[in-house]
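Tertiary structure, described
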Amino acid sequence: MSFTVHIGPQPDGPRKRIAVVGCDGLDTNPILFAALERLYPVRFVPDATGADAALIWGDPVLADRLLDQGTSSFLVITGPPVRASRGVVTFSADLHNPAVFRGQTLLDPGIGVFSEVPHVNGGCLAELDGRCAWTREARRAAVRYTVGVEPPKCDSRALPFTHFHAHRWFRLLPLLGFLGRITADIGYSQPPLRASFMFDDPNLRAVKYGWIHYRELAEHARRHRYHVAIAMVPQDARFSSRDAVDIFSCNSEQLSLLFHGNDHTRAELTAFDERRLTAACAQALRRVLRFENASQLTVDRVMVPPHGGCGMTALTVLPRLGFDAVCVSPGSLVHWNSTLGESYPHVGLGVTELSPEAFPVVPRFGFGPDASLTASLSAFLHQPIICRGHHHDCAGGLDPLAELADHINQLGEVSWGSLAAILRQNYLHRQDGGDLYVKPLARKMTVAVPPGTTDVFIDWPVKSAVTSVLETGGCATELPVELRYGAEMNLATVADPEFRPWPYLRRALCETRDRLGPVLGRPRARRLLP
């Protein structure tokens, strides 16, 4: 199959005009509306005249009239307030419910008060504490969602993503579902479900690290269909056990490796001094290159910042050194970059973020009682499901990993793999006749090109070259793409940072503590699932 690839800035596609009626209009929640315009192909306007859809506060008559006219709407009713004493959200089995929540009963302790939605407004999609709180009604091509919860008020200290986590999520869910539904005909298709577990700190100096035994972990992962990425501290890569290396080499479908800082000192990737940060990241890369040459293993070029500390300077330095992504929670990213929300109000709600250097930031979350719900929320957002922990999370055995993997595998057809494999599928796409439009969310991707495609348009800030095209058969083509944003640094020109004994002493003490943990006594295992 022959097609032409075009790489460079592409014009913005069509957007639907969404009127905001009531609640004093757009001025009451500008950060939320700005975030939604970054997430969906929509433009919010103050007037319903000529709009493609409407968000309506407290005016069911207008919503009904628009529905009769063939215009979809999202109605927030303002009936008598009901206190959500338990916050039990029960989703119906209706096929119009998000697939990852359909038929489930979940908790949202952050709802506070809501208004009961009369069933006359359509089939009930979800109940709160046994009272209907979300309905859907369709007439011909139009649909009306009616909800009894008001979308959250957002500001610079409470960005939209802070209203979409395991303790506070239902107020935003129906609105995200509505916008996704009405833009499905002009929007981009999302990546498939992808997942990986991640453990910070272990190294390959032995076949065990604390409570983790690599051979048992690999066998368990194979049996229960999951993958584990080990975030290794580059300082620890000076030597490795041949047996540990062999386990990783023979189980690459179950185990992979990542970068975990350089020396694992606190906030080492938050420095504003670009020269100092470049020296530390270059040293991490050199250490890992020596490890790769000696072990013949590959360490994915994904940086996991120690303690979640990642400054904007790091997001400039890392891609110039050839890294493919950074993996950090949205909360940590915003904590260390307090003004991030001004430029990225949608942070934490996209599939992944792209920094100013067009560098992917992959979200992750921690093991714990909320992990299964957080995994479902991540799946709803089409984000990679990256759940991280430490070796002591396995103190009670590996069964909790199996339970969480089973929950994730029930969310749909999940592709488990390394972070590099996950990133290769990290793009949005839209087919228009013979034209395939691709929005990259990674620098290295493998784009599936459907039969009949004549032109592939890859939206990238600068023109860049395609490395190769691989034919996979008569029905489809895989297009490996490697994109660049700016000039990469020559590693040989970057000196190591000044030697300091403390990072080595600190890391030795931490590793000794971790390895002696199972010997000195079993700690109280943290709950990974409810």
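Residues numbered from 1 in each chain as written. Predicted model: local features only at pLDDT ≥ 70, side-chain atom pairs only at ≥ 80, totals over all residues. Heavy atoms only, no water.

1. Quick look at the overall build of the chain
Of the regular secondary structure elements, the chain holds 13 helices and 30 strands. Its C-alpha atoms give the chain a radius of gyration of 24 Å, within 12% of the compact-globule value 24 Å for 530 residues. Burial statistics for the chain: of 530 residues in total, 57% are counted as buried. Long-range contacts, defined as pairs at least 24 residues apart, comprise 72% of the intrachain contacts of the chain with a sequence gap of at least 6. Per element, the accessible surface of the chain, about 22,500 Å² overall, is 52% carbon and sulfur. In the chain, the 54 positive side-chain charges and the 54 negative ones have mean positions that sit 4 Å from each other. (Helix = DSSP H or I, 4+ residues; strand = E, 2+ residues; numbered from the N terminus. Rg over C-alpha atoms; globule rule 2.2 N^0.38 Å. Buried < 20%, exposed > 50% of the residue type's maximum accessible area, 1.4 Å probe, protein only. Contact = heavy atoms within 4.5 Å. Areas by Shrake-Rupley, 256 points an atom, 1.4 Å probe, with all protein chains shown as cover. Lys, Arg positive; Asp, Glu negative; His and termini not counted. Charge placed at Lys NZ, Arg CZ, Asp CG, Glu CD.)

2. What about the packing of aromatic side chains?
The relation between two aromatic rings is expressed through the spacing of the ring centres and the mutual angle of the planes. Throughout the structure, instances matching the rule amount to 21 aromatic pairs. Considering the side-chain rings of tryptophan 134 and tyrosine 145, the 5.8 Å spacing of their centres and the 70° angle between planes classify their relative orientation as edge-to-face. Within this pair, whereas tryptophan 134 is found in strand 11 (residues 131-139), its partner tyrosine 145 is found in strand 12 (residues 142-147), the two being separated by 11 residues in sequence. As far as the burial class goes, tryptophan 134 and tyrosine 145 line up, both buried. (Phe/Tyr/Trp six-rings, centres within 6.5 Å; stacked < 30°, edge-to-face > 60°.)

3. Some words on the pairing of strand 18 (residues 299-303)
On any regular strand, side chains alternate: one points to one face of the sheet, the next to the other face. A large share of strand 18 lies buried, amounting to five of its five residues. As a crossover connection, the stretch from strand 17 (residues 255-259) through helix 6 (residues 274-295) into strand 18 is right-handed. Note: strand 18 against strand 19 (residues 325-327), two bridges, orientation parallel. By the bridge assignment for strand 19, valine 302 is matched with alanine 325. Between the parallel elements strand 18 and strand 19, the chain passes through helix 7 (residues 312-320) in a crossover that is right-handed. (Right-handed = clockwise from strand over helix to strand, strands pointing away. Pairing = 2+ DSSP bridges.)

4. A few points about empty space enclosed by the protein
Across all of its chains, the model carries four cavities of 30 Å³ or more by this definition. Within this model, the largest cavity holds a volume of roughly 70 Å³. Taken together, Met312, Leu315, Leu333, Leu340, Tyr344, Val347, Glu353, Leu354, Ser355, Pro356 and Val361 make up the full set of residues lining the largest cavity. Secondary-structure elements contributing two or more residues to the lining of the largest cavity are helix 7 and strand 20 (353-354). Broken down by class, the residue content of the lining of the largest cavity amounts to nine nonpolar, one polar and one charged. Estimates place the volume of the second largest cavity at around 50 Å³. What lines the second largest cavity is Cys23, Thr28, Asn29, Phe33, Trp57, Glu150, Pro151 and Lys153. Its residues assigned to classes, the lining of the second largest cavity shows four nonpolar, two polar and two charged. (1 Å grid on protein atoms, 1.4 Å probe; cavity = no way out; pocket = protein on both sides within 12 Å on 5 of 7 lines; lining within 4 Å. Points joined across faces, edges and corners; volume = space filled by probe spheres on them. Nonpolar A, V, L, I, M, F, W, Y, C, P; charged D, E, K, R; others polar.)

5. Let's talk about the pattern of salt bridges
Counting across every chain of the model gives 26 salt bridges. Between glutamate 137 and arginine 139 there is a salt bridge, with its nearest N and O atoms 3.2 Å apart. The salt bridge involving aspartate 324 is made with lysine 444; its shortest N-O contact spans 3.5 Å. Of the two residues, aspartate 324 sits in the loop between helix 7 and strand 19 while lysine 444 sits in strand 27 (residues 444-449), which places them 120 residues apart along the sequence. For aspartate 324, a relative accessible area of 15% gives the class buried. The partly exposed category is assigned to lysine 444, whose relative accessible area is 33%. What you see here is one network of salt bridges that share partners, running through Asp64, Asp68, Glu137, Arg139 and Arg144. (Salt bridge = Lys/Arg side-chain N within 4 Å of Asp/Glu carboxyl O.)

6. A few points about the layout of surface pockets
The method is simple in principle: a probe with the dimensions of a water molecule rolls over the atoms, and the space it marks as empty is what remains. Taken as a whole, the second largest pocket spans an internal volume of roughly 780 Å³. Ser329, Arg364, Phe365, Gly366 and Arg388 are the residues nearest the centre of the second largest pocket, which is lined by 39 residues in total. Elements with a contribution of two residues or more to the lining of the second largest pocket: strand 13 (193-201), helix 8 (330-336), strand 22 (365-366), helix 10 (371-380) and helix 13 (501-520). With five residues, the top contributor of residues to the lining of the second largest pocket is helix 13.

7. Here we look at the packing of helix 10 against helix 11 (residues 399-409)
A pair of packed helices can be characterised by two numbers: the angle between their axes and the separation between those axes. At their nearest, the axes of helix 10 and helix 11 sit 10 Å apart, and the two run at 30° to each other. Of the possible angle classes, the one that applies to helix 10 and helix 11 is roughly parallel. Judged by the sense of rotation from one axis to the other, the crossing of helix 10 with helix 11 is right-handed. Facing Ala371, Ser372, Ala375 and Ser376 of helix 10, the residues of helix 11 in contact are Leu404, His407 and Ile408. Residue classes in the contact of helix 10 with helix 11 are distributed as four nonpolar, three polar and no charged. (Axes fitted to C-alpha atoms, helices over the stretch in contact; angles between N-to-C directions. Parallel < 35°, antiparallel > 145°, perpendicular 65-115°, else oblique. Left-handed = near helix turned anticlockwise from the far one by under 90°.)

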